[in-house]
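Results of the structural survey
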Amino acid sequence: MKEVLCPKCGIRMEFMAESESSGNKKEVRYFYRCPACGTRIVESTMEITKKDNNIVINILQ
Ligand SMILES: [Zn+2]
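Definitions and limits used
- Residues numbered from 1 in each chain as written.
- Predicted model: local features only at pLDDT ≥ 70, side-chain atom pairs only at ≥ 80, totals over all residues.
- Heavy atoms only, no water.
- Salt bridge = Lys/Arg side-chain N within 4 Å of Asp/Glu carboxyl O.
- Helix = DSSP H or I, 4+ residues; strand = E, 2+ residues; numbered from the N terminus.
- Buried < 20%, exposed > 50% of the residue type's maximum accessible area, 1.4 Å probe, protein only.
- Donors = N, O, S within 2.8 Å, 3.2 Å for Na, K, Ca; no water.
- Tetrahedral: all angles 85-135°; square planar, octahedral: opposite > 155°, others 65-115°.
- Contact = heavy atoms within 4.5 Å.

As annotated in an unreviewed UniProt entry, the protein carries the name TFIIS-type domain-containing protein and comes from Acidianus manzaensis.

In structure tokens:
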């Protein structure tokens, strides 16, 4: 895993993930967050959709 430094504080940022679901859609975001100032840098966003019996994963970023 690469090391990402906060652009404001210059300290190492934490890698985190959060997900949000609405209906049959789920959005998962992976991001770096600074533990000191809370600055976030989004690394990747995925959209997971359930369609009939299939799961479709769409990488948005
Ligand atoms: Zn910071």
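Remarks on the pattern of salt bridges
The full count for this structure, using the stated rule, is seven salt bridges. When the shortest N-O distance is used, the salt bridge between Glu47 and Lys25 registers 3.8 Å. With Glu47 in strand β3 (residues 40-51) and Lys25 in strand β2 (residues 25-33), this residue pair connects regions lying 22 residues apart in the sequence. According to the relative accessible area criterion, Lys25 is partly exposed, its value standing at 35%. A salt bridge links Arg29 to Glu27, with the shortest nitrogen-to-oxygen separation between them at 2.7 Å. Residues joined by salt bridges that share partners form a network here, namely Glu18, Glu20, Glu27, Arg29 and Arg40.

Looking at the coordination of the zinc ion
Taken together, Cys6 (SG), Cys9 (SG), Cys34 (SG) and Cys37 (SG) make up the full set of protein donors to the zinc ion, lying 2.2 to 2.4 Å away. Viewed at the metal, the four donor atoms of the zinc ion are separated by angles of 106 to 118°, and the geometry they form is tetrahedral. Mapped onto the sequence, the residues coordinating the zinc ion show the spacing C-x2-C-x24-C-x2-C. In this pair, Cys9 sits in the segment before β1 (14-22) while Cys37 sits in the loop between β2 and β3, placing the two residues 28 residues apart along the sequence.

Some remarks on the environment of Met13
Secondary-structure assignment places Met13 in the segment before β1. Through-space distance from the C-alpha of Met13 to that of Pro35 is 6.6 Å; in sequence the pair is 22 residues apart. Beyond its immediate chain neighbours, meaning those up to four positions away, Met13 contacts Val4, Leu5, Cys6, Pro7, Tyr32, Arg33, Cys34, Pro35, Thr39 and Ile41.

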